[in-house]
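# Structural characterization, general
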Amino acid sequence: MIGYLTEMFSYPFMVRAFVAGGLLCVCAALLGVSLVLKRFSMIGDGLSHVGFGALAVASALNLAPLMVAVPVVIAAAFLLLRMSESGKMKGDAATAVFSTGALAIGVMVVSMSTGMNADLNSYLFGSILAMSKRDVILTVILSAAVLLFYLLFYDKLFAVTFAESFARATGVKTGVYHSLLAVLTAVVVVLGMRMMGALLISSLIVFPALTAMRLCKSYRGVLIGAVAVGLMGFAFGMCMSFWFGTPSGASIVVVDTVLFCVSALWAWLRQRG
C-alpha cells in the first residue's frame, strides 16, 4: 500500500490533482449543503452545461477558456436565481432549459469548428492531466473565499437556509447571500470541470450533502460530515483511478455512490432499531 502511494505521489500531476481536487471537494460540499436544503441541488448540473457551451465558443474563437467561462457561468447563476425567485419558472425547469440549451450550443459549435479536441474532451469528461499550476492557485484562492464566507456568515446562512422569510423580516439581506452563494457555486463548477467533467461535476455538490444528512442531525454536523465524506470519496476515487486506470471523475462518483448507499442503509437500520 505504501509503495503504491509513494509511486502515485511521485507524479507532479497527481500532487496537483490531489491539492486542487481536495480543496474543490471541500468547497463543493459546503456549498452543496445549502443548495440541497434549498432544493436547488441541480444548479451544478445546469451551470456545468452552460460552462461547456462557453468553453466550446471560447475554443472556436481562440479565446482563453476560463476568462470566457467564468463570467458566463456567473451570469447564468444569477439569471437562474432571479427566475426562480420571481416564480415565473420553477428552479428545476429553469435549470433544464439552461442546461439543454447551452449543451446543444456547445455541441453545435464543436461540430461546426474543428471537432472535439483534447481540451474540450477533458472539460466534458474530466482529466487529472488537465490540472495545471494555475488551476491549483485559483482553487486555493476560491477555497479561502468559501471558508471565509462560511466562518463570517454562518448564522446568516443558517437563517437564510431554514427560515428565509423570518430572516428577511429581521433585516437580513437574503438576496445578497443568495448572490454570493450563486457566484461561489459558479466558480466551483467551472474549476471542477477540469477534474470531474461537465457531466459529473454536480455529484461533488449533491452526494456529500445527501450522505451527511443521513448520518448527522445538526446543521453544523451536516457541514462537517459533508466535507469529510467529500474528501473521503475524492481520495478513494483518485486511488482507484490511478491503480485501475479508470477515469478520475467516474471513479470519484462511484465511490460517492457507494458511500451514499452505505449511509442510507445505516440510517434505515438505525430507524428500525
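This text goes with the structure placed above it.
Below or above, wherever it landed, is the structure these notes cover. (Residues numbered from 1 in each chain as written. Predicted model: local features only at pLDDT ≥ 70, side-chain atom pairs only at ≥ 80, totals over all residues. Heavy atoms only, no water.)

Glancing now at unusual backbone geometry. The backbone phi angle of Asn62 is positive, close to 60 degrees, even though this residue is not glycine. You can see Asn62 is positioned in the loop between α3 (43-60) and α4 (65-86). (Helix = DSSP H or I, 4+ residues; strand = E, 2+ residues; numbered from the N terminus.)

Here we take up helix α12 (residues 219-244). The end-to-end C-alpha distance of α12 is 37 Å, a good match for the 38 Å that 26 residues give at a rise of 1.5 Å each. Immediately beyond the C-terminal end of α12, within one or two residues, lies Gly245, with a positive phi of roughly 70 degrees. (Expected span 1.5 Å × (residues − 1).)

Every α-helical turn comprises 3.6 residues, leaving residues that sit three or four positions apart pointing alike. Helix length check: helix α11 (residues 202-213), at 12 residues, gives a terminal C-alpha distance of 17 Å against a target of 16 Å (1.5 Å per residue), a fit within 8%. The element α11 is extensively covered by neighbouring structure, given that 10 of its 12 residues are classed as buried. Looking only at α11, the buried set comprises Ser202, Ser203, Leu204, Ile205, Val206, Phe207, Pro208, Ala209, Thr211 and Ala212. On its buried face, α11 sits against α2 (12-37), α3, α10 (174-196), α12 and α13 (248-272). (Buried < 20%, exposed > 50% of the residue type's maximum accessible area, 1.4 Å probe, protein only. Contact = heavy atoms within 4.5 Å.)

Our next topic: the side chain of Asp45. Mapped onto the fold, Asp45 is located in helix α3. We classify Asp45 as buried; its relative accessible area is 17%. Ignoring any residue separated from it by four or fewer positions in sequence, one finds Asp45 in contact with Ser99 and Ser202.

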